[in-house]
Amino acid sequence: MQQDLSHAATEKDKAVRYSMSNGFLNFLSSNNISIAMTSYQSGRLYLLGRNPKGGLMVNEQCFKKAMGLHVKGNAIYMATHAHICRMENILKPGQWMEEIFTQCYLPRTIHFTGCLDSHDVGVTKNNEIIFVNTAYNCLAKLSETHSFQPIWHPHFISKIVAEDRCHLNGLAMENGEAAYVTAISRSDSIDGWRDRRADGGIVMDVSSNDIICNGLSMPHSPRVYNNKLWILNSGCGEFGYVDKKTQKFEPITFCPGFLRGLAFHGRYALVGLSRPRYNRFEGLPLDERLKSSDSEPWTGLQIVDLETGTCVHWFRLDGPVEEMYDVAALPGIICPKSISFSSDESLGIITQDE
């Protein structure tokens, strides 16, 4: 595997090792996609593409507490430590950067929200950005004057305050609207979700404000795809879907890690894996699942065939990077690069709209 990085590595970064399945690069090529991944722990946006000179290109840029991703048109939207950022590809068709990159995503709007512990982000059919405001237990939209404007909260949350009561985290968009959310519990007291991690997880319908699935372990990343509501039952290491008729979670496959980040392309699901923080997440069903399968948790990405439920390809990070948060597919893109708004490089890139 050819490991290319687009910036000089720090001493900590030098310990990070990448590996991939033999068919991973061919998967990107045959499906004509690249993949975006975030890690709030390392503060990185990772873009996985095909180096025109051969091998896999791993482009990583620093974004403090990089979290939720949403791709719409030529733009990538991302939640970070205190911002919601919209990045646009500044390269025209046929243009290249550094004779390698076919797309370059540069921040164009950066909305300062303050520290809201923002998780998933989405864009409506009217191009309005909404996001999961985890600290305040609500869905929110951006405000021209204030940090956020709450637009929805679970029926059991009695007050919009910065107490992270239920750990609202995931957002599924459908037809350009917020459709479903996930939360670790239905707690209405400060930090109450931590005592319900093993089986208190829920999925809610935003339009009705009803709980449509419960008994989950730390669910994340709800997504609507092919008329199904898919989720990650993270504390069990399970990828599957919610049967809306029975209101039960139906697992498709087990992945060896704490699951966060889910995207789809064709017949495949892209599932993000993390090594769990055992000092905080011990006692989850995942512990027993790993033990029974004689497996160790790892960090990275698994590509699951929806027709067979099997992992057909994978990308792995070993070393100090332990946790991923979100995953997005970038269709039609060969070799992308991003540039952080906190970097000196961003100051010198000037483009003109013709």
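Before reading on, note that the structure itself is shown above.
Residues numbered from 1 in each chain as written. Predicted model: local features only at pLDDT ≥ 70, side-chain atom pairs only at ≥ 80, totals over all residues. Heavy atoms only, no water.

A. Structural context of the pairing of strand 25 (residues 310–318). One ladder, built from four bridges, connects strand 2 (residues 17–20) with strand 25; its direction is antiparallel. Residue pairing across strands places Arg 17 opposite Asp 318, the latter belonging to strand 25. Pairing of strand 24 (residues 299–305) with strand 25, which is carried by seven bridges, proceeds in the antiparallel orientation. Among the inter-strand pairings, Ile 303 is bridged to a residue of strand 25, identified as His 313. Between strand 24 and strand 25, which pair antiparallel in sequence order, lie four residues; one of them, Gly 309, sits at a positive phi of approximately 75°. (Pairing = 2+ DSSP bridges. Helix = DSSP H or I, 4+ residues; strand = E, 2+ residues; numbered from the N terminus.)

B. A look at the sheet that holds strand 24. With antiparallel pairing, five strands are arranged side by side in an open sheet as 2-25-24-23-22. One side of each edge strand has no neighbouring strand; the edge strands of this open sheet are strand 2 and strand 22 (258–265). Ignoring which end each strand starts from, the neighbouring axes of this sheet average 15° apart. Against the sheet, helix 1 (residues 24–31) makes contact with strand 2, strand 22, strand 23 (268–274), strand 24 and strand 25, and its axis sits at roughly 115° relative to strand 25, the strand it touches most. (Axes fitted to C-alpha atoms, helices over the stretch in contact; angles between N-to-C directions. Contact = heavy atoms within 4.5 Å.)

C. Region of the structure containing the pattern of salt bridges. Tallied over the entire structure, the rule returns 17 salt bridges. For Glu 177, the salt bridge is made with Lys 125, and the minimal N-O distance between the two is 3.7 Å. Highlighted residues: Glu 177 in strand 15 (residues 177–183) and Lys 125 in the loop between strand 10 (118–123) and strand 11 (129–133), separated in sequence by 52 residues. With a relative accessible area of 55%, Lys 125 lands in the exposed category. Taking the shortest distance from any N to any O, the salt bridge between Glu 323 and Arg 260 comes out at 3.0 Å. You can see Glu 323 sitting in the loop between strand 25 and strand 26 (327–331) and its partner Arg 260 sitting in strand 22, a full 63 residues away along the chain. Neither residue differs from the other here; Glu 323 and Arg 260 are each classed as buried. Overlapping salt bridges bring together Glu 98, Lys 337 and Glu 345 as one network. (Salt bridge = Lys/Arg side-chain N within 4 Å of Asp/Glu carboxyl O. Buried < 20%, exposed > 50% of the residue type's maximum accessible area, 1.4 Å probe, protein only.)

D. Focus on unusual backbone geometry. The phi angle at Asp 117 is positive, at roughly 55°, despite the residue not being glycine. The topology assignment puts Asp 117 in the loop between strand 9 (103–112) and strand 10. Here the phi dihedral of Asp 191 falls at roughly 60°; this positive angle occurs in a residue that is not glycine. Here Asp 191 shows up in the loop between strand 15 and strand 16 (201–205).

E. Focus on the sheet that holds strand 21 (residues 248–254). The strand order across the open sheet built from four strands is 18-19-20-21, with neighbouring strands paired in antiparallel fashion. Two strands lie at the open edges of the sheet, namely strand 18 (219–225) and strand 21, each paired on one side alone. Taking the axes of each pair of neighbouring strands and ignoring which way they run, one obtains an average angle of 30° across the sheet. The sheet contact formed by strand 19 (residues 228–233) and strand 20 (residues 238–243) spans five bridges and is antiparallel. Directly across from Ile 231, in strand 20, lies its bridge partner Gly 240.

Read these as geometric descriptors, not functional statements.
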